[in-house]
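A structural walkthrough
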Amino acid sequence: MCISTDSFVPGSEDMQIFAWRVATQSLATKHNTFRRTIVKEDTCALCGMESEDEFHAVVSCTRSRALRAAMRAKWDIPKEVEFRRTEEEWLQHLILPQSASIRSNILLILWKAWSLRNNTIHGDGKDTVTGAMHQLLRLGEELLAAEQAVNMPVSKQAITLFD
């Protein structure tokens, strides 16, 4: 499968790499380590509900769902019913019909869900859904400010820089 994220992933190269890893099923999930016989089972260490593949880790795990529910009250993202495993290309099916800003919101939330999972499994485990929500809100404000600065006419940029 050949996937180019250039056409559907706004933002940084890191976000494009993350989206590509999710789309190509190459994140370091328990399912992928199980397939490589590194671990003996692939059940999610956070919820214990199902195999931890990319979809589970960033969409269907209880912590990922909680983060989306919290962010839905603050950001424009699709209804929960649209976050479903349609087939292998579920990520493309989810984000391609969306506007660039909604795509960005979705990918930032999925990225933060992965970050929460990693903090719990490999870090100190102190990150919370509420803390992640506040970090995403701050990041969203910073990205919006940066985008506005880039789109600002040159004459206004000079005034802003020297005020």
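Look up: the structure comes first, before these words.
Bear in mind the structure is a predicted one, so any value in this text is a computation, not a measurement. (Residues numbered from 1 in each chain as written. Predicted model: local features only at pLDDT ≥ 70, side-chain atom pairs only at ≥ 80, totals over all residues. Heavy atoms only, no water.)

Examining the overall build of the protein chain
Put simply, the test is: Counting from the N terminus, the helices are the DSSP runs of H or I reaching at least four residues and the strands are the DSSP runs of E reaching at least two. For each residue, the accessible area found with a 1.4 Å probe, counting protein chains only, is set against the maximum for its type, and the residue is called buried under 20%, exposed over 50%, and partly exposed in between. Each accessible area is a Shrake-Rupley result for a 1.4 Å probe, and residues are judged covered by the shown protein chains and nothing else.
Within the protein chain, the regular secondary structure consists of eight helices and zero strands. In the protein chain, the succession of α and β elements from N to C terminus is α-α-α-α-α-α-α-α. Of all 163 residues assigned to the protein chain, the portion counted as buried reaches 36%. Of the roughly 9600 Å² that the protein chain leaves accessible, carbon and sulfur atoms contribute 55%.

Let's talk about unusual backbone geometry
Despite not being glycine, Gln-25 shows a phi value in the positive range, around 55°. One can find Gln-25 in the loop between helix 1 (13-23) and helix 2 (30-35). Residue Gln-25 is classed as partly exposed on the basis of its relative accessible area, which comes to 34%.

A word on the pattern of salt bridges
Charged atoms that come close allow side chains of opposite charge to pair. Here is the rule we go by: Only one rule defines a salt bridge in this text: a Lys or Arg side-chain nitrogen within 4 Å of an Asp or Glu carboxyl oxygen.
If you walk through the whole model with that rule in mind, you get six salt bridges. Linking Arg-65 and Glu-80 is a salt bridge whose minimum nitrogen-to-oxygen distance equals 3.6 Å. Placement of the pair is Arg-65 in helix 4 (residues 62-72) and Glu-80 in the loop between helix 4 and helix 5 (90-95), with a sequence separation of 15 residues. A relative accessible area of 41% means that Arg-65 is categorised as partly exposed. Here Glu-80 makes a salt bridge to Arg-72, at a shortest N to O gap of 3.1 Å. One salt-bridge network, in which partners are shared between bridges, spans Arg-65, Arg-68, Arg-72 and Glu-80.

Regarding the environment of Lys-112
Let me state the cut-off plainly: The contact rule is simple, with two residues in contact once any of their heavy atoms fall within 4.5 Å.
Inspection of the secondary structure puts Lys-112 in helix 6 (residues 100-122). Counting along the chain gives 17 residues from Lys-112 to Val-129, while the straight-line C-alpha distance between them is 9.4 Å. Beyond its immediate stretch of four places on either side in the chain, Lys-112 contacts Leu-67, Ala-132, Gln-135 and Leu-136.

Points about the packing of aromatic side chains
Note the following rule: Classification of ring pairs rests on two measures: the distance between centres of Phe, Tyr or Trp rings, Trp counted by its six-membered ring, which must be within 6.5 Å, and the angle between planes, read as stacked under 30 degrees, edge-to-face over 60 and tilted in between. Throughout this description, the term charge over a ring refers to an Arg CZ or Lys NZ atom that lies within 6 Å of the ring centre and within 35 degrees of the ring normal.
For the structure shown, the criterion picks out one aromatic pair. With 4.9 Å between their ring centres and 85° between their planes, Phe-55 and Trp-90 make a pair best called edge-to-face. You can see Phe-55 sitting in helix 3 (residues 54-60) and its partner Trp-90 sitting in helix 5, a full 35 residues away along the chain. A relative accessible area of 8% places Phe-55 in the buried class. Among the residues examined, Trp-90 registers a relative accessible area of 6% and is labelled buried. Positioned above the aromatic ring of Phe-83 is the side chain of Arg-68, whose terminal nitrogen or guanidinium carbon lies 4.5 Å from the ring centre.

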